[in-house]
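# Structural characterization, general
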Amino acid sequence: MTTNAAPIVRFAPSPTGRLHIGNVRTALLNWLFVKRNGGKFILRLDDTDTERSKEEYAEAIRTDLKWLGLHWHETFRQSDRTARYDEVAAQLKASGHLYPCYETEDELDRKRKRQMARGLPPTYDRAALKLTPEERAKNESEGRMPYWRFKLANTAKGSDAIASTPVRWHDLVRGEQTVDVGSLSDPVLVRAGGSYLYTFTSVVDDVDSKITHIIRGEDHVTNSGVQIQIFEALGAKPPSLAHFSLLVGRDGEALSKRLGSLSVDGFRDAGLEPMAVNAFSSLIGTSDAIQPYLTLDELGAIFDLGKLSRSPSRFDTAELEALNAKLLHITPYATVAERLKAIDCTGGEPFWQAVRGNLKTLADAIQWHTVTASEITPKIEDATFLAEAAALLPSEPWNETTWGQWADAVKAKTGRKGKTLFHPLRLALTAAENGPELKTLLPLIGRKRALARLEGKVA
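Keep in mind that what you see is a predicted model, and the values were worked out from it rather than measured. (Residues numbered from 1 in each chain as written. Predicted model: local features only at pLDDT ≥ 70, side-chain atom pairs only at ≥ 80, totals over all residues. Heavy atoms only, no water.)

### What about the pairing of strand β9 (residues 213-217)?
Burial of β9 is extensive: 5 of the 5 residues sit out of reach of the surface. Across 5 bridges, the pairing between β9 and strand β10 (residues 240-244) is parallel. Within β10, the residue paired with R216 across the bridge is H243. Where the polypeptide runs from β9 across helix α7 (residues 221-233) and back to β10, its parallel neighbour, the crossover connection is right-handed. (Buried < 20%, exposed > 50% of the residue type's maximum accessible area, 1.4 Å probe, protein only. Helix = DSSP H or I, 4+ residues; strand = E, 2+ residues; numbered from the N terminus. Pairing = 2+ DSSP bridges. Right-handed = clockwise from strand over helix to strand, strands pointing away.)

Written out as structure tokens, the structure reads:
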């Protein structure tokens, strides 16, 4: 496998839908690998499926990656490279690595069923290799256009008999890996209509882009065994490979069944922070603790493929939401100042410092801005007690010591303490059962508004 002091990696989504958490994890692991080691991150749009690929999805992919902060050094579309694929396919046909086949899907299905009935593996029997030029011409004269298979190097020396043929590599996550291509069918690389399959186009792109590391899910392990032979047929060294475990739900169920609710735009609409999504996606299934990080630089500094577990990684939306809250609790005011202005939350840094510890999403700040700077209807639990407390309100200016001084005075006057003291005051001042510390909220509410609320007035 290749090694390089300046690695080149690629993220290659198909623009047939929105990015989901599985895509995010793949993109992040590649991006952080380059962040840690230097090099280049390439965004490749695998859009050869012309029926399902849409420009709106391509644009959405770019938007989602930018929202996450995952910027690329280079980007291209596979649909712009058909001439290059034609050139390489012609090369493989000339060298005998690609051979034409004419069976229909029904014929192949019947053949597989006969093989299984005889206790044989349902792999392609290479019958097309035995066709004479005349038989090929007859098939085509009958309207059968050929599709093309890649002939795996899996025969015994000096024989056409298929034999056990291990393809080995050292995987940067899974360790020593072996795929026996002797147990596989020759893969179809070119469809009857002339369009190309991912197995082929991906290798051609990786060779031309000088990709040094392929970091992707473990569902590609068998595919990697095949692609290694395609690299070699093209005279290229295969990149280093890393196959990480896939995500499952909290209950262990395959997450792919629920990806519609786990798209990047869904996370964004739910008010989640990009760095919460980044941290959770990259730390889940590693030996590192899942905790908030403020920047991708911080995540990149701790990233190591060797920390990835080979066990399935459990994704729990509740854990992501909890991490989002923890991230907001440590986020500096400067980071969110413009966003707070955009949702009309004034009050500056004192307001942010007062409320951030009680937020689950940034939008939750609106509630506390209303409490501190607008009118609310107070909840009156004990009017007599509140009147006594109102009479003891200190004069302004107020600061964070005001609440303690006032509470002590009310306690001394009424004999109340604990919940019987604090609960009625919180309900009147904020109309909420709990929230930020009153010592930080009270100066923001101000004496005039606080006095009116203690008297049961909308203020």
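### Things to note about the environment of P13
Looking at the element boundaries, P13 is found in the loop between β1 (8-11) and α1 (21-37). Taking the C-alpha atoms as reference points, P13 and A58, 45 residues apart in sequence, are found 8.9 Å from one another.

### Some words on the packing of α1 against helix α9 (residues 274-283)
At their nearest, the axes of α1 and α9 sit 9 Å apart, and the two run at 85 degrees to each other. By the angle class used here, α1 and α9 are roughly perpendicular. Between α1 and α9, the contacting residues are I21, V24, R25, L28, L29 and L32 on the first element and V277, N278, S281 and S282 on the second. Looking at the contact of α1 with α9, its residues break down into 6 nonpolar, 3 polar and 1 charged. (Axes fitted to C-alpha atoms, helices over the stretch in contact; angles between N-to-C directions. Parallel < 35°, antiparallel > 145°, perpendicular 65-115°, else oblique. Contact = heavy atoms within 4.5 Å. Nonpolar A, V, L, I, M, F, W, Y, C, P; charged D, E, K, R; others polar.)

### Comments concerning the side chain of T430
Relative to the helices and strands, T430 resides in helix α17 (residues 419-430). Among the polar contacts made by the side chain of T430, one reaches the main-chain carbonyl oxygen of R426 at a distance of 2.7 Å. In contact with T430, other than residues within four places in its own chain, are W368, V371, I376, L438 and L441. (Polar contact = N/O pair within 3.5 Å; in protein donor to acceptor, adjacent residues only side chain to side chain.)

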